[in-house]
Amino acid sequence: MTSWEIRQKYLHFFESRGHAVTPSSSLIPAGDPTLLFTNAGMVPFKDIFLGLESPRTPRAVSIQKCIRAGGKHNDLDRVGFTRRHHTFFEMMGNFSFGDYFKSDAIAFAWEFLTRELAIDPKRLWITIFRDDDEAMALWSALPGVDPSRIVRLGEKDNFWQMGDTGPCGPCSEILVDQGPAFSCGSPDCMVGCDCDRYLEIWNLVFMQFNRSRDGVLTPLPRPSIDTGMGLERISAIMAGVASNYETDLFLPLIDSISQKAKVPYEMGNGSLDYAFRVIADHLRSGVFLLHEGIVPSNEGRGYVLRRILRRAIQFSLELELPSPVLSDLAKQTVLMMHHPYPELENSLSRIQDVLSHEEDRFSRTLSEGLPVLKGYINEVISRNENILPGEMLFKLHDTHGFPIDVCEDVARHQGVHLDFKGFEEKMEEQRERGRQSWVGKKEDFPVPASRLSVPVSFLGYERDQVMGEAILLIRDGKEVTEVHEGESVSLVLTPTVFYGEGGGQVGDRGLLRGPFGQITVSSAKKPWPGWILLVGTVTSGTVRKGELLDQQVDLFSRRQTEIHHTATHLLHAALRQVLGEHVRQAGSLVTPERLRFDFSSPHPVSKVDLEEIGALVNEWIRRDQPVNASEMEKSKAQEVGALAFFDEKYGDIVRVVSVEGTSTEFCGGTHARSTGQIGTFLILQESGVAAGIRRIEAVCGSAAYDRILYWKSSLEAFEQEMGGVKSEEALSRLATLKTERDRLQREVAALKTKLFVSEDRQRDKEWVRVNGSSFLFTDVTIDDPKDLRLRMDALKSDVTSGAVLLLGVLPERVVLLGWASEDVAKKFPVSDLVKSFSARLGGRGGGKPIWAEGGGPMPENLESLLAEMREIGARTFGDAFKA
RNA sequence: GGGGGGUUAGCUCAGUUGGGAGAGCGUCAGGAUCGCACCCUGAAGGCCACGAGUUCGACUCUCGUACCCUCCA
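What you see is a predicted model, and the numbers here were worked out from it, not measured in a lab.

1. Observations concerning the confidence of the model for chain A
Inference 1: For chain A, mean pLDDT is 85; residues scoring 70 or higher make up 93% of the total.
Inference 2: Here residues 439-444 is a poorly scored stretch, pLDDT under 50, and it has 1 contact once near neighbours within four places are set aside; other chains count.
Inference 3: The low-confidence segment residues 645-651 (pLDDT under 50) makes 8 contacts with residues lying over four places distant or belonging to another chain.

This is the structure we're talking about:
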């Protein structure tokens, strides 16, 4: 029986018994930030079981795709080394929401297994919770159930709970006896044993209690049913194979891996079989995660995906699969899962793109990190140790992005263990550094939040000017009753029109006028939710607590900020349209001068895409559509499809800012009235901030115009400097000039050499010749130290055995250059002479016996020194070669 | 926002007590061969990312800037 038939039978069986067939929901749990991935069949129904949501139907049946990797249930490193562990799996489940209970659940399960799937009842065993006599009675009453095969187990195995509090209850599992061949062989091997003989295939959860905070169980008025049967397991049983991996849910993929590797998969008996399983499993999860729009990154879900993909690549190396390999295998995966999930095909090309890119990046990471790791291991071994210190691990991970599990693998083969503890300590240090730098920047609010019992009312969405009462004045971190001219002050006004820094938008600047003084506000912050703190300086007079102040926001800055903010939303929408839905906001800064937008994207944005994005935003600006802002309930906002990326931060009532047909986002910031006010949108640059995170900086409105003017004037200056030609021609002109310059430089060097050669002929009589070796000391006036080298080249080219010492005279200093042929250098290391002469000149020098440099400041008595040096040089050389 | 690392020939990269800028591939020329891959000989190709500083002297040390990679927040 194929897995496809099992799916059909299961859904039909329960549909015909009143269950609503529910399609698998997303792998990303909706509205549950505590959960990384959907990891069980009941996750989409969680709110119903918790009583937060009312069920649309009393009974449901689903085949839910699940991911178990990262987080609490982390089996990642066991996957592939067992017959049953997977990162991606499908859970078949039938659910009752306060409708049927134990009796039907048990009867349905038994009927499905023994009749629909025709499993011999003699192979089946049952486990129930120790105290659940009701289940015992129900099971015993079923035809074909042997009461001696019903086993009572404790809380660990057969009592289920969602969390520390909430719905819970006993459960009952159905097991298949696979026969003694699968036993671990222990005499204690029986139901409940961890080995593969008694395989749990179906878990029936009887949700019948609610556990309160103090641990008391109270019966639920309408008990519910949650069951789960792993599709992979039951497929293996129905196919009569030993492992989940040998079913049609994996084999087609494993076959194509095998073809590529030119290594057979030996059905669990081959020494490399584990690698096939790891790769196949990880491709399934990878393809589904990518399909959901998750992109490899270094945090959260994206990080889990990256680890999965990189692990797959790592194991593909063990099989010596030709690289790149993931993209092709992804296609096989999509083909294999095509029946139940035809939608995968639409994402295939994007999935392949991301995979190729990630594979490329990882192979770079590996090939760069591997030599470093090997160096470290050799270092450890050469010290006769067998532990790789945490510091080295950290360095590999932190600097080179090298995966620790790969480290472990490589090290193990050399008998070296890893110091995980030390590594964790280093990681913690780094985390601490990160936190420090963060809170260090944050300005402390000098007064605790509890001091302020009435929230500030913010009117800045509609108005620019309003009177507000100064309810708090702070100077030098202390609360005061009045402040005077020249003093720095922080104050709270209510109501206020100043926008407090938040959501990436900077705080407003402006002016406050009181009856006896005024304050220039340089920024506004939100130290606590609901509070707005103005920071500034008293520019004249005195301001007292309790006074009414007239507030005037710096309108030019505010308007410039607003258009940058609205442009940010348009940019976000354009990015998603051009690059794809996987683009997620990762940070944003909105100021009057510019905007900065960080977002997740696996690779740099190409020039073409950037131009398209810019053009799109400007097109939307020209349409001059109104920007609407409204407050609504969060659930409604989500229905409207508003983009929300930090949902834990929002309360129940959220503000939604939208441009019709283009962009809808949760946003607390202030915005332009219509897109036309933005005027012009100009991208300044695109860059990377972290792995997988790109940054776009742009300017709008008058800032954009100023920028263009600036460019224009520098371009004009450039053109003028280039001789009045247009910039397009200036480029080729520049290239010509450059090659011309290079040619001239070469020519000058060649001419100089020639000149030096002819000059040097005249020095012929200055050479000192002893026993076939010759020595020359001479001084030359130069204007570039490099000329000395050219001279040296010219001088030494004719000398087979000898030495030359040149003294170059520059306007303010002298330089020395010495050379000796190999044979001469043995008796007459020229570096000795350079060193001692440099010292004489009041400088330093040195080098190698065959080549040395030195020098010093211009001496007053150059002439006499020269004579002296000439004499010493000749004598030393003569002494060395006398005999 | 804070760390760690990188930037050397068209490409991939070497280059330590600071002292003449290198290799492989590619390009071009010549040789060898019926011809090709190969092989042999030779050549061109470099502001050692940019800017300061230290030094007689910086690819090398220090600081800053830009870009890229990577980790943390």
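Next comes the rest of the write-up.
2. Section: helix α23 (residues 862-881)
Inference 1: With 20 residues, α23 should cover 28 Å at 1.5 Å per step; its first-to-last C-alpha distance of 28 Å lies within 8% of that length.
Inference 2: Residues Leu862, Leu865, Leu866, Met869, Ile872, Gly873, Phe877, Gly878 and Phe881 constitute the buried set of α23.
Inference 3: On its buried face, α23 is in contact with β27 (768-770), β28 (773-781), β29 (802-809), β30 (813-820), α21 (822-827) and α22 (830-840).

3. Things to note about the pattern of salt bridges
Inference 1: Across all of its chains, the model carries 40 salt bridges by this definition.
Inference 2: Arg840 is the partner of Glu868 in a salt bridge, and the nearest nitrogen-oxygen pair spans 2.3 Å. Placement of the pair is Glu868 in helix α23 and Arg840 in helix α22, with a sequence separation of 28 residues.
Inference 3: Note on Glu868: relative accessible area 34%, which makes it partly exposed.
Inference 4: Relative accessible area serves as the criterion here: at 40%, Arg840 is assigned to the partly exposed category.

4. Re the packing of helix α8 (residues 273-291) against helix α10 (residues 326-336)
Inference 1: Closest axis-to-axis distance for the α8/α10 pair is 10 Å, and the angle between their directions is 75 degrees. Comparing their axes, α10 and α8 come out roughly perpendicular. Contacts between α8 and α10 involve Ile279, Leu283, Arg284 and Val287 from the former and Leu326, Leu329, Ala330, Thr333, Val334 and Met336 from the latter.

5. Considering a nonpolar patch on the surface
Inference 1: On the surface, Leu715, Phe718, Leu734 and Leu737 cluster together into a nonpolar patch covering about 320 Å² of accessible area.
Inference 2: Of all the secondary-structure elements, those providing two or more residues to the nonpolar patch are α18 (701-721) and α19 (727-761).
Inference 3: For Leu734, the position within the fold is in helix α19.

6. Quick look at the protein's contact with RNA strand B
Inference 1: Near RNA strand B you find 38 residues, and of these Asp398, Thr399, Gln430, Lys796 and Arg844 are the closest.
Inference 2: Counting only atoms of RNA strand B within 4 Å of the protein, the sugar-phosphate share comes to 64%.
Inference 3: For RNA strand B, a base nitrogen lies 3.2 Å from a polar atom in the backbone of Glu853.
Inference 4: Take Gly855: an N or O atom from its main chain is 3.4 Å from a sugar or linking oxygen of RNA strand B.
Inference 5: When residues in the surface near RNA strand B are grouped by element, the largest group, 7 residues, is from helix α14 (residues 420-441).
Inference 6: For the surface near RNA strand B, the per-class residue count stands at 6 nonpolar, 16 polar and 16 charged.

7. Some points on the packing of aromatic side chains
For any pair of aromatic rings, the description consists of the separation of the ring centres together with the inter-plane angle of the planes.
Inference 1: Taken as a whole and judged by the stated rule, the model has 35 aromatic pairs.
Inference 2: On the numbers, 6.1 Å between centres and 65 degrees between planes, the contact of Phe101 with Phe206 is edge-to-face. Of the two residues, Phe101 sits in the loop between β3 (88-96) and α3 (102-116) while Phe206 sits in strand β8 (residues 198-211), which places them 105 residues apart along the sequence. Accessibility classification places Phe101 together with Phe206 in one group, the buried group.

8. Some points on the nonpolar core
As a rule of thumb, soluble globular proteins bury nonpolar side chains together.
Inference 1: Judged by nonpolar contacts, the single largest core of 112 residues is most densely connected at Tyr10, Leu113, Trp139, Trp202, Ile234, Ile257 and Leu388.
Inference 2: Beyond its immediate stretch of four places on either side in the chain, Ile257 contacts Phe276, Ile279, Ala280, Leu319, Leu321 and Leu329.
Inference 3: Among the nonpolar cores identified, the runner-up in size contains 31 residues, and Leu616, Val657, Val659 and Ile696 belong to it.

9. Some remarks on the environment of Thr876
Inference 1: Relative to the helices and strands, Thr876 is located in helix α23.
Inference 2: For Thr876, a relative accessible area of 32% gives the class partly exposed.
Inference 3: Distance in space between the C-alpha atoms of Thr876 and Phe828 is 8.1 Å, their sequence separation being 48 residues.
Inference 4: If we skip the residues at most four places from it in the chain, Thr876 touches Phe828 and Leu833.
Inference 5: A polar side-chain atom of Thr876 sits 2.6 Å from the main-chain carbonyl oxygen of Ile872.

10. Considering the sheet that holds β30
Inference 1: Judged by pairing direction, the sheet is mixed, and its 6 strands sit side by side in the order β27-β28-β29-β30-β32-β31 without closing on themselves. Every interior strand has two partners, whereas the edge strands, β27 and β31 (845-848), have only one. Neighbour-to-neighbour, the strand axes of the sheet open up by a mean angle of 10 degrees, direction not taken into account.
Inference 2: Together, β28, β29, β30 and β32 (851-857) form the strand contacts of helix α20 (residues 785-796), whose direction differs from that of β30 by roughly 30 degrees.
Inference 3: Contacting β27, β28, β29 and β30, α23 crosses the sheet at an angle of about 165 degrees to β28.

11. A short note on unusual backbone geometry
Inference 1: The peptide bond linking Thr494 to Pro495 adopts the cis configuration, its omega dihedral lying at -10 degrees.
Inference 2: One can find Pro495 in the loop between β15 (488-494) and β16 (510-513).
Inference 3: Backbone geometry places Lys262, a non-glycine residue, at a positive phi of 55 degrees.
Inference 4: By the element assignment, Lys262 lies in the loop between α7 (251-261) and α8.
Inference 5: Despite not being glycine, Asn771 shows a phi value in the positive range, around 45 degrees.
Inference 6: With respect to the secondary-structure elements, Asn771 resides in the loop between β27 and β28.

Thresholds, definitions, all that
- Residues numbered from 1 in each chain as written.
- Chains lettered and ligands numbered in written order.
- Predicted model: local features only at pLDDT ≥ 70, side-chain atom pairs only at ≥ 80, totals over all residues.
- Heavy atoms only, no water.
- pLDDT = per-residue confidence, 0-100.
- Contact = heavy atoms within 4.5 Å.
- Helix = DSSP H or I, 4+ residues; strand = E, 2+ residues; numbered from the N terminus.
- Expected span 1.5 Å × (residues − 1).
- Buried < 20%, exposed > 50% of the residue type's maximum accessible area, 1.4 Å probe, protein only.
- Salt bridge = Lys/Arg side-chain N within 4 Å of Asp/Glu carboxyl O.
- Axes fitted to C-alpha atoms, helices over the stretch in contact; angles between N-to-C directions.
- Parallel < 35°, antiparallel > 145°, perpendicular 65-115°, else oblique.
- Patch = residues over 30% accessible without salt bridge, like charges linked within 9 Å, V, L, I, M, F, W, Y side chains within 5 Å.
- Areas by Shrake-Rupley, 256 points an atom, 1.4 Å probe, with all protein chains shown as cover.
- Near = heavy atom within 4 Å.
- Polar contact = N/O pair within 3.5 Å; in protein donor to acceptor, adjacent residues only side chain to side chain.
- Nonpolar A, V, L, I, M, F, W, Y, C, P; charged D, E, K, R; others polar.
- Phe/Tyr/Trp six-rings, centres within 6.5 Å; stacked < 30°, edge-to-face > 60°.
- Core = buried A, V, L, I, M, F, W, Y, C linked by side-chain atoms within 4.5 Å.
- Pairing = 2+ DSSP bridges.

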